[in-house]
Amino acid sequence: MNKLLLKNCKSLLTLKEHENDITGALQGYSLLVEGEKIKKIDVYENLKDLVDEQTKVIDCSEKTVLPGFVDPHTHLVFGGDRLDEYSAKLTMTDPEEIKKNVKIGLTGLDSTIKQTKDAGFEGLYKEALEKLNTVLLNGTTTIEIKSGYGIDKEVELTQLRVIKELRDKVPQTLIATYLGGHDWDKSMGKDAYLDFMINEVMPVVKEEDLATMADIWVEDSIFSIDQGRKYLRAAKEFGLAGTIHGDELSGIGASKMAAEEGAYSVAHLNYITEEAIDAMIENSTVGIVLPTTDYVKQYDDRLADARHFVDRGMDVAIATNINPGDYTVSMTICMDLVCKRHRLTPAEALRAASLNAAKALRLDESYGSLEEGKFADIQIWDTDDYRNVVYRHGSNFVDTVIKHGKLVVEGRKLVY
């Protein structure tokens, strides 16, 4: 059986719930991994009798040891990029002028729908594998991935099939979400497209076991409260847990509706009301703040108020939201921004990137903290103070990553 000992950790951040210090910090402790799980956390003197010649010992006396990141909201499987558009928008505001500077002549979601369709299964698989390896080097061991760039049947299913195939290739835990409601087919209209998703796509998602969650964007300009409710209820009938994009552009009550319907999480939250916060807390719906999205979209006057959410008692997670318009691969950049712009402490940001992020996927019984009996998903950082990730901007301190008890990154290189 695989055995690892992380010996004499300078700082062991367990993130265990209900500790006085929300990071669950232990100094000078060691952690023993046996098989896929954490066997024991204690001082080395109490563990040395469990160490044998088969145990790989890693000296962590100058290191920070913490849980692998959980990224609870991404659009990682997409074709191509929006580099031309992103660059043009830095100095231009006129939509037609921006399009003239984009090679394919399309922008936004239309651009990615075309490029995702053109990429096909093989292209999407190759691009997604590269992205997953990159986020692994940045410490992410569990990640949610949505469809949403087909707004049809075949491309949406292709995205989900890519995620399913990748599970046999990469070490990370991949959580697939059917985001049929990212937009709608304009030739059908919203109501007809909603019925199409429920009657034509969800049955295949269930039959092929392609996803465990379903997502829809609920805004005044996208899907209504009633349409979102119908979608979430139908998803539940197909065994898909609910989550939504909501309250990013308007305050129509999306988060409140999602909480009432038992959604695991709501992402964005820029226009959330106090009533909706109450409903989310009451129903254990996690609020996912997307710091790089608020930064890229320059929501300076309407930032998601993570400080207020935490003070109210909401479980707040952060996510990269990696997508072609916000190409973020690092959870530590999200930590940096959520501290500086959304006013969380470094400890709260770390909790948001680990245990609370696992809660957003209802995986916190197995992931998100370092506790005996949980899966050994662990990062080892080349720093003795985790707060350096929000102080030394852009630095990647990840030296070693362990997934289910196996070394997958060592010396900053992939080894799986």
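All figures in this text were calculated on a predicted structure; none of them were measured in a lab. (Residues numbered from 1 in each chain as written. Predicted model: local features only at pLDDT ≥ 70, side-chain atom pairs only at ≥ 80, totals over all residues. Heavy atoms only, no water.)

Trainee: Tell me about the overall build of the protein, and please be specific about residues and values.
Mentor: The helix and strand inventory of the protein stands at 14 helices and 19 strands. Dimensions of the protein, computed from C-alpha atoms along their principal axes, come out at roughly 70 × 45 × 45 Å. By the burial criterion, 57% of the 416 residues in the protein qualify as buried. Across the protein, contacts joining residues at least 24 apart in sequence account for 70% of those joining residues at least 6 apart. Accessible surface for the protein amounts to roughly 17100 Å². Of this, 46% is attributable to carbon and sulfur atoms. If you average the places of the 50 positive and of the 70 negative side-chain charges in the protein, the two averages end up 2 Å apart. (Helix = DSSP H or I, 4+ residues; strand = E, 2+ residues; numbered from the N terminus. Buried < 20%, exposed > 50% of the residue type's maximum accessible area, 1.4 Å probe, protein only. Contact = heavy atoms within 4.5 Å. Areas by Shrake-Rupley, 256 points an atom, 1.4 Å probe, with all protein chains shown as cover. Lys, Arg positive; Asp, Glu negative; His and termini not counted. Charge placed at Lys NZ, Arg CZ, Asp CG, Glu CD.)

Trainee: Got a sec to walk through the side chain of Arg 82? Specific residues and values, please.
Mentor: With respect to the helices, strands and loops of the structure, Arg 82 is situated in the loop between strand S8 (69–71) and helix H1 (83–89). For Arg 82, the side chain forms a polar contact with the side chain of Thr 112, separated by 2.8 Å. Once you skip the residues sitting within four places of it in the chain, Arg 82 turns out to touch Gly 108, Leu 109, Ser 111, Thr 112, Tyr 149, Pro 324 and Gly 325. (Polar contact = N/O pair within 3.5 Å; in protein donor to acceptor, adjacent residues only side chain to side chain.)

Trainee: Residue-level account of the pattern of salt bridges, with values.
Mentor: In total, this model carries 30 salt bridges according to the counting rule given. Glu 144 serves as the salt-bridge partner of Lys 146, at 2.7 Å between the closest nitrogen and oxygen. A salt bridge links Asp 215 to Lys 146, with the nearest nitrogen and oxygen atoms 2.8 Å apart. Residue Asp 215 is found in strand S11 (residues 213–218), and its partner Lys 146 is found in strand S9 (residues 140–146); the two are separated by 69 residues along the sequence. Of the two residues examined, Asp 215 and Lys 146, each falls in the buried class. (Salt bridge = Lys/Arg side-chain N within 4 Å of Asp/Glu carboxyl O.)

Trainee: Give me the packing of helix H11 (residues 331–340) against helix H12 (residues 346–353): which residues, what numbers.
Mentor: In the contact formed by H11 and H12, the axes pass within 9 Å of each other and the chain directions differ by 140 degrees. When the axes of H11 and H12 are compared, the pair comes out oblique. The crossing of H11 and H12 is right-handed. Residue-level inspection shows Met 331, Met 335, Val 338 and Cys 339 of H11 in contact with H12, the latter providing Pro 346, Ala 349, Leu 350 and Ala 353. Here the contact of H11 with H12 is composed, by residue class, of eight nonpolar, no polar and no charged. (Axes fitted to C-alpha atoms, helices over the stretch in contact; angles between N-to-C directions. Parallel < 35°, antiparallel > 145°, perpendicular 65-115°, else oblique. Left-handed = near helix turned anticlockwise from the far one by under 90°. Nonpolar A, V, L, I, M, F, W, Y, C, P; charged D, E, K, R; others polar.)

Trainee: For the pairing of strand S17 (residues 398–403), give the residues involved together with the corresponding values.
Mentor: Along S17, six of the six residues are buried, which leaves the element largely enclosed by surrounding structure. Where strand S16 (residues 378–381) lies against S17, four bridges are found, and the strand directions are antiparallel. In the strand pairing of S17, Trp 381 is matched with Val 398. Where S17 meets strand S18 (residues 406–410), three bridges bridge the pair, whose relative direction is antiparallel. Note on S18: the bridge partner recorded for Val 401 is Val 409. In this antiparallel pair of consecutive strands, S17 and S18, the connection spans two residues, and His 404 shows a positive phi of 50 degrees. (Pairing = 2+ DSSP bridges.)

Trainee: Could you give an account of the environment of Ala 352, with specific residues and numbers?
Mentor: Tracing the backbone through its elements, the reader meets Ala 352 in helix H12. Given the relative accessible area of 0%, Ala 352 is considered buried. C-alpha separation for the pair Ala 352 and Met 335, spaced 17 residues apart in sequence, amounts to 8.3 Å.

Trainee: Got a sec to walk through the nonpolar core? Specific residues and values, please.
Mentor: Leu 132, Tyr 178, Val 205, Tyr 231, Phe 309, Ile 318 and Met 335 are the most contacted members of the largest nonpolar core, which has 90 residues in total. With nine residues, helix H5 (residues 190–207) is the largest single contributor of residues to this core. Here Met 335 is in contact with Phe 69, Ile 318, Pro 346, Ala 349, Leu 350, Ala 353, Val 389 and Val 390, once residues within four sequence places are set aside. (Core = buried A, V, L, I, M, F, W, Y, C linked by side-chain atoms within 4.5 Å.)

Trainee: Report on the confidence of the model for the protein, specifying residues and quantitative values.
Mentor: Do not read the fine detail of predicted coordinates wherever pLDDT is low. The predicted model of the protein has a mean per-residue pLDDT of 97, with 100% of residues at 70 or higher. No element of the protein has a lower mean pLDDT than helix H2 (residues 95–100), at 94, and none a higher one than S8, at 99. (pLDDT = per-residue confidence, 0-100.)

Trainee: Run through the sheet that holds strand S3 (residues 25–26), naming residues and quoting values.
Mentor: Here seven strands make up an open sheet; going across it, the order is S3-S2-S7-S16-S17-S18-S19 and the pairing mixed. Of all the strands in the sheet, the pair left with one neighbour each is S3 and strand S19 (413–414). Relative to strand S7 (residues 64–67), strand S2 (residues 11–13) runs parallel, the two being bridged by two bridges. By the bridge assignment for S7, Ser 11 is matched with Thr 64.

Trainee: Describe the packing of aromatic side chains, listing the residues and the values that go with them.
Mentor: Across all of its chains, the model carries eight aromatic pairs by this definition. Each ring, one from Phe 78 and one from Tyr 327, has its centre 5.9 Å from the other, and the planes form 85 degrees; the classification is edge-to-face. Of this pair, Phe 78 sits in the loop between S8 and H1 while Tyr 327 sits in the loop between strand S15 (316–318) and H11; the two residues are 249 residues apart in sequence, bridging distant segments of the chain. Note on Phe 78: relative accessible area 0%, which makes it buried. Judged by centre distance (6.4 Å) and plane angle (35 degrees), the ring pair of Tyr 178 and Tyr 231 falls under tilted. One end of the pair, Tyr 178, is in strand S10 (residues 173–181); the other, Tyr 231, is in helix H6 (residues 225–237), with 53 residues separating them in the sequence. (Phe/Tyr/Trp six-rings, centres within 6.5 Å; stacked < 30°, edge-to-face > 60°.)

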